[in-house]
Amino acid sequence: MPGEGAVPGEDGFLKEGGVAAAAVEAVFREERGLLLASLVRRFGDLDLAEEVTSEAIEAALRHWPAEGVPARPGAWLLTTARRRAVDRLRRDQAYAARLAVLRADAERAEPAPAADTSGAGELPDDRLQLFFTCTHPALAAEDRAALTLRCLAGLTTPEVARAFLVPTPTMAQRIVRAKKKIREARIPFRVPGPDELPERLPGVLQVVYSVFTEGYAASSGPRLQRLDLAGEAIRLARILHRLLPAEREGAGLLALLLLVHARRDARTGPEGEPVLLEDQDRGRWDRPMIEEGRALVVQALTGGPAGPYGVQAAIAALHDEAPDVAATDWPQIVALYDVLRTLTPSPVVEVNRAVAVAMRDGPGAGLALLDALAGEPRLRAYPPYVVARGDLLSRLGRDGEAAGAYREALELAGTEPERAALRRKLGEQE
């Protein structure tokens, strides 16, 4: 537990000075999401919930080193935070009046069926309500992802700012704007009813997927991967799957993230450079994670038509199951992309399908499909499209054209490892 010199940082998390700082911070980060969601349900105000959550964690950092960790630390934090909230409301009658209006609005809203959280823990797990509040369609897309990381992943505002590569004051304003929108629009803290869930759930899944995508392939900066961000996305996907176990696309999303993240250690070389799938040491892939993902794929594809995340997870599973690139079931992967393009047609899906066709039928066939996409404006600033063209041109022996594609990709690349890899490719062509 924290040493005598432990001091709380932003959000009350233990910073330098504690003998077990990292372990304690991890516990608080997990408890914080549960605690915050429970307080939001009780008091109907996100700002108040955040403030008293931080105060409860700071109180724990003061009391636990001397008195010991309670047998039920989550319940201790919840009780402390509730008392702080009640004290604050007693002191501020105007604040209490505003909360009364918000709670009346929530009570008038049609109640939704409670999620099955049996065995989920000692606190009532209200995180599902917070998921749908943070990802409400009335909020701007960038605000939804930021608020989800702040409230559900437990990242501090500076950490969220780093995730989105913006200054901390900018991110603080974005989060304040989202909270203000929730308050002024009186967005209810509740799980959508059965008639709303099919429309709202894809937005929730998309936010988690977007967070993972930035962690898997950073848009800019010195590193190709943001493993911390990818890990938070997986944690959010686990929570969502646990709270909505019957939703097959929730299982599909978690499966996809696990099956892709299982390759993380082999995706970069000693200097952080990207390593292509065909060159990766598959012995470094995380086999337990792959097995977990494969089991979830079965769940995602059973019981009805497949959804986009389930199909993408099935593609990832075929890659992870193959001993090498040559033995990969490329015909099946192409067939799955054919399904995916009907579910979520997009230029990115077409690019990935073209690469799979190249592996099945040869580089000429794949290049023809990529060239047919040349007029698509959304691909003009999409580096993987340009790199894929360069790689197929190189495989066809058209080195001059390949070099031109790599130069174009070099101007678009966002991370230094990508730029270094493209400079090496150019050196091989010249």
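Please refer to the structure higher up on the page.
Per chain, residues are indexed from 1 in the order of the written sequence. Given that this is a predicted model, residues contribute local features only at a pLDDT of at least 70 and side-chain atom pairs are listed and counted only at 80 or more, while totals for whole chains, interfaces and linings are drawn from all residues. As a convention, hydrogens and water are excluded, and side-chain values are obtained from all of the structure's heavy atoms.

Caption draft 1: Representation of the nonpolar core in the model. Formed by 96 residues in total, the largest nonpolar core has its most connected members in Leu-130, Phe-131, Phe-132, Leu-147 and Leu-149. If we ignore the near neighbours within four places in the chain, the residues touching Phe-131 are Leu-152, Val-204, Val-208, Leu-236, Ile-239 and Leu-240. Only buried residues count toward a nonpolar core, which is a set of Ala, Val, Leu, Ile, Met, Phe, Trp, Tyr and Cys residues joined through side-chain atoms within 4.5 Å. Throughout, exposure labels follow a simple rule: accessible area from a 1.4 Å probe, protein chains only, divided by the maximum for the residue type, with under 20% read as buried, over 50% as exposed, and the rest as partly exposed. Ranked by size, the runner-up nonpolar core spans 20 residues in total, among them Ala-358, Leu-370, Leu-392 and Ala-413. We call two residues in contact whenever any of their non-hydrogen atoms come within 4.5 Å of each other.

Caption draft 2: Structural detail: the packing of helix H11 (residues 248-261) against helix H12 (residues 287-301). Lines fitted to C-alpha atoms define the axes here, with helix axes fitted over just the stretch in contact, and angles between the N-to-C directions of these axes take values from 0 to 180 degrees. We count a stretch as a helix when DSSP gives it H or I for four or more residues in a row; a strand needs E for two or more, and each element gets its number in order from the N terminus. Contact geometry of H11 with H12 gives a least axis separation of 8 Å together with a crossing angle of 155°. Put simply, H11 runs roughly antiparallel to H12. The crossing of H11 and H12 is left-handed. Residues Arg-248, Ala-251, Gly-252, Leu-254, Ala-255, Leu-258, Leu-259 and His-261 of H11 lie in contact with H12, whose contacting residues are Met-289, Ile-290, Glu-292, Gly-293, Arg-294, Leu-296, Val-297, Gln-299, Ala-300 and Leu-301. The residue inventory of the contact of H11 with H12, partitioned by class, reads 11 nonpolar, four polar and three charged. With respect to orientation, any angle under 35 degrees is reported as roughly parallel, any angle over 145 as roughly antiparallel, any angle of 65 to 115 as roughly perpendicular, and every other angle as oblique. For any pair of crossing helices, the crossing counts as left-handed if the nearer helix is rotated counterclockwise from the farther one by less than a right angle, and right-handed if it is rotated clockwise. Polar here means any residue other than Ala, Val, Leu, Ile, Met, Phe, Trp, Tyr, Cys and Pro, which are nonpolar, and Asp, Glu, Lys and Arg, which are charged; Gly is therefore polar.

Caption draft 3: Geometry of the pattern of salt bridges. One speaks of a salt bridge when a side-chain nitrogen belonging to Lys or Arg is within 4 Å of a carboxyl oxygen belonging to Asp or Glu. Counting across every chain of the model gives 28 salt bridges. Between Glu-51 and Arg-88 there is a salt bridge whose closest N-O contact spans 2.2 Å. Of this pair, Glu-51 sits in helix H2 (residues 46-67) while Arg-88 sits in helix H3 (residues 73-91), placing them 37 residues apart in sequence. A relative accessible area of 35% places Glu-51 in the partly exposed class. Between Glu-416 and Arg-419 there is a salt bridge whose closest N-O contact spans 3.2 Å. Taken together, the positions of Glu-416 and Arg-419, both in helix H19 (residues 416-429) and three residues apart, correspond to about one turn of that helix.

Caption draft 4: Expanded view of helix H6 (residues 141-151). Burial runs high along H6: nine of the 11 residues are buried. Residues of H6 that are buried include every one of Asp-143, Arg-144, Ala-145, Ala-146, Leu-147, Thr-148, Leu-149, Arg-150 and Cys-151, and no others.

Caption draft 5: Quick look at the packing of aromatic side chains. Each aromatic pair joins two rings of Phe, Tyr and Trp (for Trp, the six-membered one) with centres within 6.5 Å, and gets the label stacked for planes under 30 degrees apart, edge-to-face for over 60, and tilted for any other angle. According to the stated counting rule, one finds three aromatic pairs in the structure shown. When the ring of Phe-212 is compared with that of Tyr-216, the centres are 6.2 Å apart and the planes differ by 20°; the resulting orientation is stacked. Residue Phe-212 and its partner Tyr-216 are both found in helix H9 (residues 197-216); the two are separated by four residues, about one turn of the helix. In this structure Phe-212 comes out as buried when scored by relative accessible area, which is 4%. Owing to a relative accessible area of 30%, Tyr-216 belongs among the partly exposed residues under this scheme. Lysine NZ or arginine CZ positioned within 6 Å of the ring centre and within 35 degrees of the ring normal marks a charge as sitting over the ring. Cation over ring: Arg-42 sits above Phe-43, and NZ or CZ is 4.8 Å from the ring centre. Across from the ring centre of Tyr-216, 3.7 Å away, lies the NZ or CZ of Arg-267, which sits over that ring.

Taken by themselves, the reported measurements are silent on function.
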